[in-house]
Amino acid sequence: MALPFIAESAASAIIENLVSTCSSYLEACPAAGGMQDELERLQHALPQVQAVLTAVEEGAMVMAQNKALDTWLWQLRDAVECAEDVLDELEYYELEKTVQDRDNEVPGILSKCRRKFDSFVNRIFSDDTLKRLREAVKGLDRVVAGMGPLLQLVTGLYGPGVKRRKIEEVRNARETSSLLTESEVLGRDEERDLIVEWLIKPRDTDVSAFTIVGMGGFGKTTLAQLVYSDERVREYFDPIMWVCVSQDFDAAVITRKMLEGASSESFGDKSLNALHYILKQKILSKRFLLMLDDVWNDDNTIEWEKLVAPLKFGQRGSKILLTTRMGSVADMVAKVMQCKKESLNLNGLKESDCMSLFNKHAFLGVNPDDYKNLRPIGEQIVKKLGGCPLAIKVTGGLLNSCMDYDYWKRILKKDIVELQHRKDDIMTILRLSYDHLPTNLQLCFRYCSIFPQDFMFKRKELVYMWTGSGLIPQSICGTRRPEDIGKEYLDLLTRKSFFTCKASERGFEIPKFYVMHDLLHELAQSVSLGECIRIEGDVVGKTIPRTVRHLSVDKVNILSIREISNLKKLRTLVISIKKNHDHSADHALVFNEVIKGFKSLRLFSLYVNFDFHRLLDALYWLIHLRYLSLTLSLPLEAVMNKSFMNLFPQSLFRLYHLVVMKFSTPVLMTSRNIEYDGLTNLVNLRLLDLPRGMIKNIRYVSKLSFIRKLEYFFVQEESGYKISELKNLRDLRRLNIRELENVSTSEEATEAKLNEKEYLKSLLLGWSSDRCHSAEADEQLLDNLCPHINVRKLCIEEYKGIKSPCWMTDLYLINLTCIQLVNCKEWEHLPPLGGLPSLNIIRLKGLVAVKQIGCSFYGCGGVCAFPSLKQLFLLDMPNLEEWIGIADGCMFPQLHTMVIRDCPNLRGMPTLPRSLRLLLISHVGLTALPAINQDCKNDSQQEHVMALESLIIEQCEKLNYFPTEFFGNLSLVKFLSIEKCPKLTKCGITDIQPPSALDRLIIGSCGNLEVALLWSANLTFLTCLDLLDCASIASLPPAQVCVRWTMLSHLAIKNCKELSSFGGIQALISLRSLEIEGCDKLIEVSLLQPPFPNNVSQKNPVDCFLKLGRLSIDHHALLLMEPIRSLTFISSLTLSGASQLTSLPEEWILQNHTALKFLSIRNAVSLQSLTQSMTKLCSLENLGVYNASLIRSLPDLPTSLCTLCITGCHPVLKERCQENIGLDWPKIANIRYVRIE
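Only a predicted model underlies this, so the values are computations on that prediction, with no experimental measurement involved.

K.L.:
Lay out the overall build of the protein chain with the relevant residues and their values.
P.N.:
For the protein chain, the count of helices and strands is 35 helices and 42 strands. Taking all 1237 residues of the protein chain together, 55% fall into the buried category. Accessible surface for the protein chain amounts to roughly 52200 Å². Of this, 48% is attributable to carbon and sulfur atoms.

Following this line, the structure appears as structure tokens:
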């Protein structure tokens, strides 16, 4: 069956508009005929065209393949789009004249312009335009003339059609359920437990692998995610890395993703060698878990070997977990890892779980008891779905859209027929779900095939691309904005399970991402053949249908773009050009010639990593563009001395249809004081995403009357930059106003009309920090900057007023969810925010004049203060002395994060709610911690358990005690840090027992609590322990205490000046990392120990202690202390303070020669040479010696060495290591990475 490529409503609107425009022209100019007959035929045939398209839309899921209909639909689409281009051209020239005629303000878009038709004709109908208009009319007439037999065909093929779902379905979709995501996973507990038990079970091999194999849609990724989030796994492994691999199996890319996942850093364009080195250091002696999701590569052994090379340096017990559709991948990974093949073939869900999952989605939002007649049909449908969770979920969502018996029976019959005739049952079901989508949603879904698999869509970005590419034309939106329609489309597609919505909380923002399952991505590719295509790599030799409308090409050579020059019907072009050092002006000419041939282009996105301003000349010809994104990625050194005065050609400012313009570039390139007045010609712009320096220099921004986001509006006294420029920008969603001190009078502030901007959701009001201004002036100004009641996020910066604005004291902003008051240094009394019902986040920073948080802060009336608040931050408030709660009142019932930092004079805090999950108190003048007992529910039967998971107390020098039974109430705390609280005592606390669930503990300078906390024996889940500046700890706990710390893998001891004994540290059987620094008495005791040689055979064995672990010390004498002295299997040694070291501790190093892989000597200013026995270190791979100014030559080095780094070396050594000619060159010639400087 042919795809309904164009929606009936859109096609009809275009044809009607064409007929109307041409008819008006002929009335005004009767002599210029030549298309009257065609217009009459089109007018007469329009109802038949609508009938055909309607029949195609309604019968898509039951209609058989018909080549004639396919061909005609393509022809119709070509003709309709040709007509659309001509009409768009007419509107373009009208917009051009509007811009030319305006005087200081934009009258509006074409629909608002009312001019005499004679003037319209004279301005627009040039000979070329008239020629194209006639061709469009004749082309449509030819296509429509061949429609008669097709109307009869589609009428005969279809029975009673499925009720057409128009845009009203989107508008009326139940908002409460449109973004619903799965809250539980059904039927996979057994598989999850099996995998978890395999992962945490000790193994003989260092690193082993397990593969989950299953068909697409069977929940492999979901099962892996369950394993990833399982507490047993998270407590056993560190780090845990997740990488989605998909079909492009590139070792460098995957390694980079692993590193970024493990450290949250960016590793840019580093080489594979550098990435290998960094990864090896990060996992060295660590028990890691690597999860590779959606792996396809089962034949490229070389890439596999590159990938796993650094992984073999992980601690014994490290694991790799893969998901794949192919059992051959499990064979491959077992081969390259040289381990036993172990895998799980994921089968379908059990029948009971299938029905539970089906019912969850099919009866979403309704009472199943009201539809008992549908249950037997549902059971039959589920049996045909093969236990596939994805198929069940999608089909359930499909059926949920129509709770009708006949509809469900039709789906049951269709399902049976398709399952009997297709090999891929799941794809059949998914295609069936696709066929049931309205045509407009099908267009948007198909479009997503131009993105790579596993792409994380941002909501606004995807919607703007849909609208920019013409998928949601204004003709079907009526009075609504296309962006709003697009959001509803995305919501409905999400509800129908074509997308999964994911949220990640980061600070004050909780961004949402939309992810399409790989199987659904395949579906999008299959249903968009001939319309959408994505090509990775060069296009040379690739077959691209000439019918393609939407094309994405990644990493193409600039000259190879000629291969796509024949795609004249392109509407979308997303292109990334890879750097070629031979780029020249001729190449730019080729590029421009090809691009300007895409005259129908609506969306153009260009990414380059070289100076691209010569590539933009072609923009002059792209008059239909709605969306333009230009991204320039260059290292800063490459742009230091460049002038970009002509970065934007004047032709860019003639793209009057442009709705979205995005330009991303290094900061230095936008620091020039260049005015971009031409940008205000783009009167249809809704989104202008430019660097700060560019937006600041746009004069008369008021001309962009449809702009939705303005993040860098700097008020200036000069005309064109005044705050009155904001007056007519009524469509703003996000607005940041800065340098408000340049507003001349408070009356002028009212000209911004903030209180009339009903769509504004986020507002920042900011002054400059270095200014002289009176408090009264700021107060009057802020009073007149009252936002609309709909605003949700508000930030006020550098305000010098003493009191709150009147609109903040009368609880006017009832929809406010986030408020930030930053560096408002004269503000004395906080506004009554407690009465705002929707407030989620409060951030107060730098309010130095506030001395008290009192009852006025909580508001008046109401049952509970801050009923919705979840996050509260009080930062840098040095004069805050008192924080008073509500007597016998309720406050913060939903608070889960509280951060109090740099409030040194705050003496007390109110009782905190039990809902709190994170509490951080740093540099605060408290003498006692606040109680956490408040329970607003007043349920006497409730079990009072605190939700607190992280407690950090730092630099509270006046803090001297905890509340009684404090530790007994912290049963869920996993992270506890107490540092720089020297006056703390255990007064009143009879039994100090840290939470048994504790995963990480930091103890640092906390009075006589140090020993009590450290000697706790119940820390069975503790994996990381840091002892910092502990003045009262003279010894680590004895073996009978340490032996219970069975999961402790990292121990850091720093600046514990009184520590003189390791106690029973050798009992820490899981320890794999030990750091010792600044422990003076420990060094003193070490220096009293007998020197080497060491008879290890006569010592007590310490087989498990630090076996294959990492040791970092700041004095070589610590190697003489037991149990460090007897270690024989250390894999990594770092001497961080080696200023007194004249020679390497040869004896100790040699007794670890079989395991030692990493050796680092820092500050080696006294080290005269490396030991001649270096060749005996048969496992050494990385050797680093830093600030080694006395070393003049190198000994023979072990053949295993891969990396050698010697910095601050003697000039003689550098000379001896010169490539090919130095005396020591033969010793280092075969080392992969060498740095000697």
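K.L.:
Before we move on, can you summarise the environment of S600 with the specific residues and values?
P.N.:
Along the chain, S600 turns up in the loop between α25 (585–595) and β12 (603–608). Using a relative accessible area of 12% as the deciding quantity, one classes S600 as buried. C-alpha separation for the pair S600 and L625, spaced 25 residues apart in sequence, amounts to 8.1 Å. For S600, the contacting residues outside a window of four places in its chain are D85, K568, L570, R571 and H624. Within the local environment of S600, its side chain forms a polar contact with the side chain of D85, the two groups lying 2.5 Å apart.

K.L.:
Account for the sheet that holds strand β1 (residues 207–213), naming residues and giving values.
P.N.:
Taken together, 5 strands build an open sheet; the order of strands is β2-β3-β4-β1-β5 and the sheet is parallel. Two strands in the sheet have a free side with no partner beyond their single neighbour: β2 (240–246) and β5 (343–345). For this sheet the average axis-to-axis angle between neighbouring strands, irrespective of direction, equals 15°. Packing against the sheet, helix α15 (residues 327–337) makes contact with β1, β3 (289–295), β4 (318–324) and β5, and its axis sits at approximately 175° to β1.

K.L.:
Can you explain the packing of helix α12 (residues 251–263) against helix α14 (residues 301–308)? Please cite residues and give values.
P.N.:
Following both chains from N to C, one finds α12 and α14 inclined at 25°, their axes separated by 9 Å at the closest point. On the basis of their axis angle, the class for α12 and α14 is roughly parallel. Here the hand of the crossing between α12 and α14 comes out right-handed. Listed contacts from α14 to A251, I254, T255 and M258 of α12 are E303, K306 and L307. Considering only residue class, the contact of α12 with α14 consists of 4 nonpolar, 1 polar and 2 charged.

K.L.:
Now, about the side chain of T1203: what can you tell me, with residues and values included?
P.N.:
With respect to the helices and strands, the residue T1203 is situated in strand β41 (residues 1203–1206). Excluding residues within four positions of it along the chain, T1203 makes contact with Y277, E1181, N1182, L1183, I1231 and Y1233.

K.L.:
Can you tell me about the pattern of salt bridges, naming the residues and giving the values?
P.N.:
In the structure shown here, the tally under the stated rule is 48 salt bridges. A salt bridge links D554 to R534, with the nearest nitrogen and oxygen atoms 3.9 Å apart. Of this pair, D554 sits in strand β10 (residues 550–556) while R534 sits in strand β9 (residues 532–536), and the two are 20 residues apart along the sequence. Judged by relative accessible area, which is 22%, D554 ranks as partly exposed. R534 sits in the partly exposed class, given a relative accessible area of 22%. Ionic contacts of the salt-bridge type, sharing partners, join the residues R77, D78, E81, E84, D85, R446, E531, R549, R571 and R602 into one network.

K.L.:
Any details on unusual backbone geometry? Residues and values, ideally.
P.N.:
Across the junction of D238 and P239, the peptide omega takes the value 5°, indicating a cis bond. Along the polypeptide, P239 turns up in the loop between α11 (231–236) and β2. A cis amide bond links E1122 to the next residue, P1123, at an omega of 5°. Despite not being glycine, D454 shows a phi value in the positive range, around 65°. By the secondary structure assignment, D454 is in the loop between α21 (439–447) and β6 (456–458). With relative accessibility at 25%, the residue D454 sits in the partly exposed group. Although it is not a glycine, L1108 sits at a positive phi angle of roughly 55°.

K.L.:
So what about the packing of aromatic side chains? Which residues, and what values?
P.N.:
Scanning all chains against the criterion turns up 22 aromatic pairs. Taking 5.1 Å as the distance between ring centres and 50° as the angle between the ring planes, the aromatic pair formed by W198 and F210 counts as tilted. On the criterion of sequence distance, the pair formed by W198 in helix α9 (residues 189–200) and F210 in strand β1 is long-range, its members being 12 residues apart. Residue W198 shares its accessibility class with F210, and that shared class is buried.

K.L.:
Tell me what's going on with the pairing of strand β24 (residues 871–875), and back it up with residues and numbers.
P.N.:
In terms of residue burial, β24 counts as a mostly covered element, since 5 of its 5 residues are buried. Going residue by residue along β24, you find Q871, F873 and L875 tucked away on one face and L872 and L874 tucked away on the opposite face as well. Pairing between strand β21 (residues 841–845) and β24: 5 bridges, direction parallel. Among the inter-strand pairings, R843 is bridged to a residue of β24, identified as F873. Alignment of β24 against strand β27 (residues 897–903), held across 5 bridges, turns out to be parallel. Paired with L875 across the two strands is R901, which belongs to β27.

K.L.:
An account of the sheet that holds β6 is needed here, citing residue identities and associated values.
P.N.:
Taking strand neighbours across the sheet as the criterion, the 3 strands line up as β6-β8-β7 in an open arrangement whose pairing is antiparallel. Where the open sheet ends on each side, the last strands, each with one partner, are β6 and β7 (500–503). With strand direction ignored, the average angle separating the axes of adjacent strands in the sheet is 40°. Pairing of β6 with strand β8 (residues 512–515) involves 3 bridges; the strand directions are antiparallel. The residue of β8 that forms the bridge with F457 is Y514. Running over the sheet, helix α22 (residues 459–468) touches β6 and β8 and is turned about 75° from β6.

K.L.:
Can you tell me about α9, naming the residues and giving the values?
P.N.:
With 12 residues, α9 extends 16 Å between its outermost C-alpha atoms, agreeing within 8% with the 16 Å of an ideal straight helix rising 1.5 Å per residue. All of the buried residues in α9 are E191, R192, I195, V196, W198 and L199. Down the axis of α9, the buried set is contained in an arc of 160°. They therefore lie on one face.

K.L.:
Lay out the nonpolar core with the relevant residues and their values.
P.N.:
Ranked by internal contacts, the top residues of the largest apolar core, which has 212 residues, are F604, I796 and W883. In this structure, C477, L490, C532 and V660 belong to the second largest nonpolar core, which totals 40 residues.

So, how was this worked out
Residues numbered from 1 in each chain as written. Predicted model: local features only at pLDDT ≥ 70, side-chain atom pairs only at ≥ 80, totals over all residues. Heavy atoms only, no water. Helix = DSSP H or I, 4+ residues; strand = E, 2+ residues; numbered from the N terminus. Buried < 20%, exposed > 50% of the residue type's maximum accessible area, 1.4 Å probe, protein only. Areas by Shrake-Rupley, 256 points an atom, 1.4 Å probe, with all protein chains shown as cover. Contact = heavy atoms within 4.5 Å. Polar contact = N/O pair within 3.5 Å; in protein donor to acceptor, adjacent residues only side chain to side chain. Pairing = 2+ DSSP bridges. Axes fitted to C-alpha atoms, helices over the stretch in contact; angles between N-to-C directions. Parallel < 35°, antiparallel > 145°, perpendicular 65-115°, else oblique. Left-handed = near helix turned anticlockwise from the far one by under 90°. Nonpolar A, V, L, I, M, F, W, Y, C, P; charged D, E, K, R; others polar. Salt bridge = Lys/Arg side-chain N within 4 Å of Asp/Glu carboxyl O. Phe/Tyr/Trp six-rings, centres within 6.5 Å; stacked < 30°, edge-to-face > 60°. Expected span 1.5 Å × (residues − 1). Arc of directions from axis to C-beta. Core = buried A, V, L, I, M, F, W, Y, C linked by side-chain atoms within 4.5 Å.

Structural measurements only, silent on function.
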